[in-house]
Amino acid sequence: MSLLDHGVQKYPIGDILKSSAACSWPGVAAEVRMHPAGELPSITLEHMEIGIALSCHPNSIVSRKGDGLQQVTKVEPGTIWLCPAGTREEDIKVSAWHEVLHLYLPVGRFDQLSEFYPGARIRAHSIRYLGGIHDEYIRRIGQSLVDEMRAPSAAGHVRADSLAISLVARLAQRYSSDWSYGTNPAAVRAQLDERRVGRVIDFMIANIDQDLSIDDLASIACLSPFHFIRMFQKAVGKTPARYLNELRLERAKTLLVLGNAPLADIALGCCFSSQSNFTSAFRRATGVTPNEYRNTSR
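The structure presented is a predicted model; accordingly, all values stated were derived computationally and were not measured.

1. Observations regarding the packing of helix H7 (residues 214–221) against helix H8 (residues 225–236)
For the pair H7 and H8, the least separation of the axes is 9 Å and the interaxial angle reads 80°. Between H7 and H8, the interaxial angle falls into the category roughly perpendicular. Counted together, Ile214, Asp215, Leu217, Ala218 and Ala221 of H7 and Pro225, Phe228 and Ile229 of H8 form the full contact between these two elements. Its residues assigned to classes, the contact of H7 with H8 shows seven nonpolar, no polar and one charged.

In C-alpha coordinates, the structure reads:
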(Lines give C-alpha, C1' and ligand atoms only; values in the text may rest on other atoms or scores of the structure.)
Protein backbone atom coordinates (compact mmCIF):
# COMPACT_ATOMS: atom_id res chain seq x y z
CA MET A 1 0.00 0.00 0.00
CA SER A 2 1.38 3.41 -0.95
CA LEU A 3 1.69 6.18 1.62
CA LEU A 4 -1.21 8.18 0.16
CA ASP A 5 -3.51 5.16 0.02
CA HIS A 6 -3.99 5.50 3.77
CA GLY A 7 -5.62 8.88 3.31
CA VAL A 8 -8.03 7.41 0.77
CA GLN A 9 -9.07 4.64 3.18
CA LYS A 10 -9.17 6.69 6.36
CA TYR A 11 -10.87 9.81 5.00
CA PRO A 12 -13.65 8.76 2.60
CA ILE A 13 -15.47 12.08 3.02
CA GLY A 14 -14.19 15.60 2.42
CA ASP A 15 -12.07 17.19 -0.29
CA ILE A 16 -8.38 16.86 -1.09
CA LEU A 17 -7.12 20.41 -1.59
CA LYS A 18 -3.49 19.57 -2.33
CA SER A 19 -1.51 16.34 -2.71
CA SER A 20 2.11 15.32 -3.15
CA ALA A 21 1.05 12.56 -5.58
CA ALA A 22 2.35 14.50 -8.59
CA CYS A 23 5.66 15.16 -6.79
CA SER A 24 6.41 11.43 -6.32
CA TRP A 25 8.44 11.97 -3.16
CA PRO A 26 10.00 8.65 -2.10
CA GLY A 27 10.33 9.18 1.66
CA VAL A 28 7.23 11.13 2.68
CA ALA A 29 3.74 11.84 1.38
CA ALA A 30 1.55 14.86 2.11
CA GLU A 31 -1.96 16.00 1.44
CA VAL A 32 -4.13 18.89 2.56
CA ARG A 33 -7.70 17.81 3.27
CA MET A 34 -10.88 19.67 4.15
CA HIS A 35 -12.72 17.56 6.73
CA PRO A 36 -16.46 18.14 7.17
CA ALA A 37 -18.42 17.20 10.26
CA GLY A 38 -19.02 13.45 10.44
CA GLU A 39 -17.69 10.08 11.51
CA LEU A 40 -14.73 8.24 10.03
CA PRO A 41 -14.19 4.49 9.73
CA SER A 42 -11.95 2.49 12.06
CA ILE A 43 -8.54 1.77 10.56
CA THR A 44 -5.09 0.43 11.38
CA LEU A 45 -2.28 2.38 9.76
CA GLU A 46 0.86 0.78 8.32
CA HIS A 47 2.75 4.07 8.31
CA MET A 48 3.29 6.97 10.68
CA GLU A 49 0.70 9.74 10.28
CA ILE A 50 1.02 13.34 11.47
CA GLY A 51 -1.91 15.72 11.19
CA ILE A 52 -1.43 19.51 11.43
CA ALA A 53 -4.49 21.77 11.52
CA LEU A 54 -4.22 24.71 9.12
CA SER A 55 -7.61 26.37 9.63
CA CYS A 56 -10.89 25.45 11.30
CA HIS A 57 -14.41 26.32 12.36
CA PRO A 58 -14.36 27.98 15.81
CA ASN A 59 -16.27 25.05 17.29
CA SER A 60 -14.36 22.22 15.64
CA ILE A 61 -13.62 19.27 17.94
CA VAL A 62 -12.06 15.92 17.04
CA SER A 63 -12.56 12.85 19.19
CA ARG A 64 -10.80 9.55 18.53
CA LYS A 65 -9.69 6.37 20.24
CA GLY A 66 -6.40 4.53 19.75
CA ASP A 67 -4.15 2.32 21.85
CA GLY A 68 -6.97 2.21 24.40
CA LEU A 69 -6.82 5.98 24.79
CA GLN A 70 -9.82 8.21 24.20
CA GLN A 71 -8.84 11.72 23.07
CA VAL A 72 -10.96 14.83 22.63
CA THR A 73 -9.17 17.74 20.98
CA LYS A 74 -10.31 21.33 20.45
CA VAL A 75 -9.01 22.20 16.99
CA GLU A 76 -6.94 25.36 16.51
CA PRO A 77 -4.50 26.31 13.75
CA GLY A 78 -1.26 24.49 14.56
CA THR A 79 -2.92 21.66 16.51
CA ILE A 80 -1.04 18.40 15.86
CA TRP A 81 -2.12 14.75 16.05
CA LEU A 82 0.26 11.77 15.99
CA CYS A 83 -0.84 8.29 14.97
CA PRO A 84 1.96 5.69 15.01
CA ALA A 85 2.17 2.79 12.60
CA GLY A 86 0.19 -0.21 13.81
CA THR A 87 -2.28 1.80 15.88
CA ARG A 88 -5.93 0.83 15.58
CA GLU A 89 -8.00 4.03 15.47
CA GLU A 90 -11.70 3.89 16.29
CA ASP A 91 -14.62 6.17 17.12
CA ILE A 92 -13.24 9.05 15.07
CA LYS A 93 -15.72 11.95 15.08
CA VAL A 94 -15.45 15.49 13.71
CA SER A 95 -17.89 18.11 15.04
CA ALA A 96 -17.24 20.87 12.45
CA TRP A 97 -15.07 21.50 9.40
CA HIS A 98 -11.34 21.94 9.60
CA GLU A 99 -8.47 21.93 7.10
CA VAL A 100 -5.57 19.62 7.93
CA LEU A 101 -2.18 18.81 6.46
CA HIS A 102 -1.64 15.05 6.70
CA LEU A 103 1.92 13.71 6.52
CA TYR A 104 2.73 10.01 6.10
CA LEU A 105 6.15 8.53 6.89
CA PRO A 106 7.37 4.99 6.10
CA VAL A 107 8.56 2.98 9.10
CA GLY A 108 11.94 2.36 7.45
CA ARG A 109 13.04 5.93 8.15
CA PHE A 110 13.00 5.23 11.88
CA ASP A 111 15.29 2.22 11.49
CA GLN A 112 18.01 4.51 10.15
CA LEU A 113 18.09 6.47 13.40
CA SER A 114 20.13 3.72 15.08
CA GLU A 115 23.11 4.89 12.98
CA PHE A 116 22.69 8.40 14.34
CA TYR A 117 21.97 7.55 17.99
CA PRO A 118 24.38 4.73 18.98
CA GLY A 119 22.87 2.11 21.26
CA ALA A 120 19.33 3.39 20.67
CA ARG A 121 16.76 1.57 18.59
CA ILE A 122 13.95 3.99 17.84
CA ARG A 123 11.00 1.98 16.56
CA ALA A 124 8.30 3.60 14.46
CA HIS A 125 5.72 1.93 16.71
CA SER A 126 7.22 3.60 19.79
CA ILE A 127 5.94 7.07 18.87
CA ARG A 128 3.14 7.91 21.29
CA TYR A 129 -0.47 8.26 20.21
CA LEU A 130 -1.07 11.95 20.94
CA GLY A 131 -3.58 14.64 20.06
CA GLY A 132 -3.78 18.35 20.74
CA ILE A 133 -0.04 19.00 20.91
CA HIS A 134 1.65 22.14 19.60
CA ASP A 135 5.18 21.88 18.21
CA GLU A 136 6.42 24.83 16.19
CA TYR A 137 9.30 22.84 14.70
CA ILE A 138 6.94 20.20 13.29
CA ARG A 139 4.56 22.92 12.08
CA ARG A 140 7.39 24.63 10.16
CA ILE A 141 8.43 21.34 8.54
CA GLY A 142 4.83 20.80 7.49
CA GLN A 143 4.58 24.30 6.04
CA SER A 144 7.80 23.77 4.08
CA LEU A 145 6.34 20.61 2.55
CA VAL A 146 3.15 22.51 1.66
CA ASP A 147 5.30 25.20 0.01
CA GLU A 148 7.13 22.52 -1.99
CA MET A 149 3.82 21.01 -3.13
CA ARG A 150 2.51 24.40 -4.22
CA ALA A 151 5.70 25.53 -5.97
CA PRO A 152 7.89 22.49 -6.72
CA SER A 153 11.60 23.20 -6.96
CA ALA A 154 14.21 21.50 -9.12
CA ALA A 155 15.48 19.60 -6.07
CA GLY A 156 12.07 18.73 -4.67
CA HIS A 157 12.88 15.09 -3.93
CA VAL A 158 16.00 15.98 -1.97
CA ARG A 159 14.25 18.81 -0.13
CA ALA A 160 11.29 16.60 0.82
CA ASP A 161 13.64 13.82 1.91
CA SER A 162 15.60 16.23 4.09
CA LEU A 163 12.45 17.57 5.72
CA ALA A 164 11.18 14.03 6.33
CA ILE A 165 14.45 13.08 8.02
CA SER A 166 14.24 16.16 10.26
CA LEU A 167 10.65 15.22 11.11
CA VAL A 168 11.59 11.64 12.03
CA ALA A 169 14.37 12.90 14.30
CA ARG A 170 12.00 15.33 16.03
CA LEU A 171 9.39 12.62 16.60
CA ALA A 172 12.04 10.31 18.06
CA GLN A 173 13.48 12.94 20.39
CA ARG A 174 10.22 14.34 21.68
CA TYR A 175 7.52 11.69 21.35
CA SER A 176 9.08 8.20 21.42
CA SER A 177 8.82 5.84 24.39
CA ASP A 178 12.19 4.41 23.24
CA TRP A 179 13.96 7.73 23.66
CA SER A 180 16.34 8.37 26.53
CA TYR A 181 17.39 11.94 27.22
CA GLY A 182 20.89 10.63 27.88
CA THR A 183 21.10 9.61 24.24
CA ASN A 184 23.24 11.90 22.13
CA PRO A 185 23.81 11.92 18.38
CA ALA A 186 26.75 9.81 17.30
CA ALA A 187 30.05 11.58 16.88
CA VAL A 188 30.95 11.51 13.20
CA ARG A 189 34.46 10.15 13.07
CA ALA A 190 34.77 10.41 9.31
CA GLN A 191 34.05 14.01 8.42
CA LEU A 192 32.80 14.92 4.96
CA ASP A 193 36.23 15.82 3.61
CA GLU A 194 36.96 17.74 0.42
CA ARG A 195 37.40 14.57 -1.62
CA ARG A 196 34.01 13.15 -0.64
CA VAL A 197 32.31 16.51 -1.05
CA GLY A 198 33.70 16.64 -4.57
CA ARG A 199 32.49 13.11 -5.23
CA VAL A 200 28.94 14.04 -4.16
CA ILE A 201 28.93 17.22 -6.26
CA ASP A 202 30.29 15.32 -9.28
CA PHE A 203 27.47 12.80 -8.81
CA MET A 204 24.92 15.63 -8.70
CA ILE A 205 26.28 17.10 -11.92
CA ALA A 206 26.48 13.76 -13.71
CA ASN A 207 22.88 12.97 -12.75
CA ILE A 208 21.49 16.47 -12.93
CA ASP A 209 18.59 15.32 -15.13
CA GLN A 210 17.67 12.41 -12.81
CA ASP A 211 15.45 12.34 -9.75
CA LEU A 212 17.87 12.06 -6.84
CA SER A 213 17.18 11.34 -3.19
CA ILE A 214 19.05 11.97 0.04
CA ASP A 215 19.72 8.23 0.20
CA ASP A 216 21.44 8.41 -3.21
CA LEU A 217 23.68 11.29 -2.14
CA ALA A 218 24.42 9.87 1.31
CA SER A 219 25.53 6.56 -0.21
CA ILE A 220 28.07 8.39 -2.39
CA ALA A 221 29.43 10.08 0.75
CA CYS A 222 29.38 6.77 2.69
CA LEU A 223 27.31 8.34 5.48
CA SER A 224 23.85 7.74 6.87
CA PRO A 225 21.22 10.18 5.55
CA PHE A 226 21.00 11.83 9.00
CA HIS A 227 24.76 12.43 9.16
CA PHE A 228 25.04 13.39 5.51
CA ILE A 229 22.63 16.32 5.73
CA ARG A 230 24.47 17.83 8.70
CA MET A 231 27.94 17.22 7.29
CA PHE A 232 27.17 18.52 3.79
CA GLN A 233 25.74 21.78 5.11
CA LYS A 234 28.72 22.17 7.45
CA ALA A 235 31.21 21.56 4.62
CA VAL A 236 29.49 23.50 1.82
CA GLY A 237 27.45 26.10 3.68
CA LYS A 238 24.21 25.07 1.95
CA THR A 239 21.75 22.24 2.33
CA PRO A 240 21.99 19.46 -0.28
CA ALA A 241 18.60 20.49 -1.67
CA ARG A 242 19.58 24.14 -2.06
CA TYR A 243 22.91 23.24 -3.68
CA LEU A 244 21.28 20.84 -6.16
CA ASN A 245 18.53 23.34 -6.94
CA GLU A 246 21.13 26.00 -7.75
CA LEU A 247 23.06 23.57 -9.97
CA ARG A 248 19.91 22.85 -11.96
CA LEU A 249 19.02 26.51 -12.31
CA GLU A 250 22.53 27.22 -13.62
CA ARG A 251 22.12 24.39 -16.11
CA ALA A 252 18.80 25.90 -17.19
CA LYS A 253 20.50 29.26 -17.75
CA THR A 254 23.13 27.62 -19.95
CA LEU A 255 20.52 25.78 -22.00
CA LEU A 256 18.53 28.98 -22.46
CA VAL A 257 21.52 30.95 -23.72
CA LEU A 258 23.27 28.32 -25.87
CA GLY A 259 20.32 26.71 -27.61
CA ASN A 260 16.77 27.02 -28.80
CA ALA A 261 15.25 24.09 -26.94
CA PRO A 262 11.60 24.58 -25.97
CA LEU A 263 11.04 25.63 -22.37
CA ALA A 264 9.14 22.40 -21.71
CA ASP A 265 12.22 20.36 -22.68
CA ILE A 266 14.52 22.48 -20.52
CA ALA A 267 12.14 22.14 -17.58
CA LEU A 268 12.11 18.36 -17.95
CA GLY A 269 15.89 18.18 -18.36
CA CYS A 270 16.36 20.16 -15.14
CA CYS A 271 13.89 18.01 -13.15
CA PHE A 272 11.03 20.49 -12.90
CA SER A 273 7.63 18.83 -12.84
CA SER A 274 6.20 21.21 -15.46
CA GLN A 275 7.03 24.23 -17.57
CA SER A 276 4.89 26.45 -15.35
CA ASN A 277 6.76 25.33 -12.22
CA PHE A 278 10.06 25.94 -14.02
CA THR A 279 8.97 29.44 -15.02
CA SER A 280 7.84 30.28 -11.49
CA ALA A 281 11.03 28.96 -9.88
CA PHE A 282 13.24 30.69 -12.45
CA ARG A 283 11.49 34.02 -11.86
CA ARG A 284 11.84 33.65 -8.08
CA ALA A 285 15.57 33.00 -8.46
CA THR A 286 16.46 35.57 -11.13
CA GLY A 287 13.65 38.12 -11.20
CA VAL A 288 12.88 37.40 -14.87
CA THR A 289 11.12 34.66 -16.82
CA PRO A 290 13.13 32.08 -18.79
CA ASN A 291 12.12 33.72 -22.09
CA GLU A 292 13.18 37.15 -20.85
CA TYR A 293 16.51 35.72 -19.68
CA ARG A 294 17.05 34.04 -23.06
CA ASN A 295 16.24 37.20 -25.01
CA THR A 296 18.47 39.51 -22.94
CA SER A 297 21.46 37.17 -22.56
CA ARG A 298 22.23 36.65 -26.24
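2. Thoughts on the pattern of salt bridges
By the definition in use, this model includes twelve salt bridges. As a salt-bridge pair, Glu89 and Lys10 come within 2.3 Å of each other at their nearest N and O atoms. Highlighted residues: Glu89 in strand S9 (residues 88–94) and Lys10 in helix H1 (residues 5–10), separated in sequence by 79 residues. Comparing Glu89 with Lys10, the two get one shared label, buried. Put simply, Asp215 and Arg109 hold a salt bridge, and the shortest N to O gap is 3.2 Å. Pair noted here: Asp215 is in helix H7 and Arg109 is in helix H2 (residues 108–111), with a separation of 106 residues, a long-range link. Each of Lys10, Glu49, Arg64 and Glu89 takes part in one network of salt bridges that share partners.

3. Some words on the packing of aromatic side chains
Taken as a whole and assessed by the stated rule, the structure comprises five aromatic pairs. Between Phe272 and Phe278, the aromatic rings sit 5.1 Å apart at their centres with planes inclined by 50°, giving tilted as the arrangement. In terms of burial, Phe272 and Phe278 fall into one category: buried. Note on Phe278 and Phe282: the rings are 5.8 Å apart at their centroids and 65° apart in plane angle, and the pair reads as edge-to-face. With Phe278 and Phe282 both in helix H11 (residues 275–286) and four residues apart, the pair spans about one turn of that helix. Like Phe282, Phe278 is buried. Connected via pairs of aromatic rings, a cluster forms that spans Phe272, Phe278, Phe282 and Tyr293. A cation sits over an aromatic face here: Arg64 above Tyr129, 4.0 Å from the ring centre.

4. A closer look at the side chain of Asn245
Position of Asn245 relative to the elements: it lies in helix H9 (residues 240–258). Once residues within four sequence positions are removed from consideration, Asn245 is found in contact with Ser153, Ala154 and Ala155.

5. Looking at the confidence of the model for the protein
On average, residues of the protein carry a pLDDT of 89, and 92% of them reach 70 or more. Element-level mean pLDDT values for the protein span from 63 in helix H3 (residues 113–116) up to 97 in strand S8 (residues 80–83).

6. Quick look at the sheet that holds strand S5 (residues 48–56)
Read from one edge to the other, the open sheet built from six strands follows the order S1-S2-S10-S5-S8-S11, with strand pairing classed as antiparallel. Among the strands making up the open sheet, the edge pair consists of strand S1 (15–19) and strand S11 (130–133). Geometrically, the sheet is characterised by an average inter-axis angle of 20° between neighbouring strands, direction not taken into account. Sheet analysis places S1 next to strand S2 (residues 29–35), joined by four bridges and oriented antiparallel. When the bridges of S2 are listed, Asp15 appears paired with Met34. Packing of helix H4 (residues 136–150) onto the sheet brings it into contact with S1, S2, S5, S8 and strand S10 (98–105), and relative to S10 it is tilted by some 90°.

Rules used in this analysis
Residues numbered from 1 in each chain as written. Predicted model: local features only at pLDDT ≥ 70, side-chain atom pairs only at ≥ 80, totals over all residues. Heavy atoms only, no water. Axes fitted to C-alpha atoms, helices over the stretch in contact; angles between N-to-C directions. Helix = DSSP H or I, 4+ residues; strand = E, 2+ residues; numbered from the N terminus. Parallel < 35°, antiparallel > 145°, perpendicular 65-115°, else oblique. Contact = heavy atoms within 4.5 Å. Nonpolar A, V, L, I, M, F, W, Y, C, P; charged D, E, K, R; others polar. Salt bridge = Lys/Arg side-chain N within 4 Å of Asp/Glu carboxyl O. Buried < 20%, exposed > 50% of the residue type's maximum accessible area, 1.4 Å probe, protein only. Phe/Tyr/Trp six-rings, centres within 6.5 Å; stacked < 30°, edge-to-face > 60°. Lys NZ or Arg CZ within 6 Å of the ring centre and 35° of its normal. pLDDT = per-residue confidence, 0-100. Pairing = 2+ DSSP bridges.

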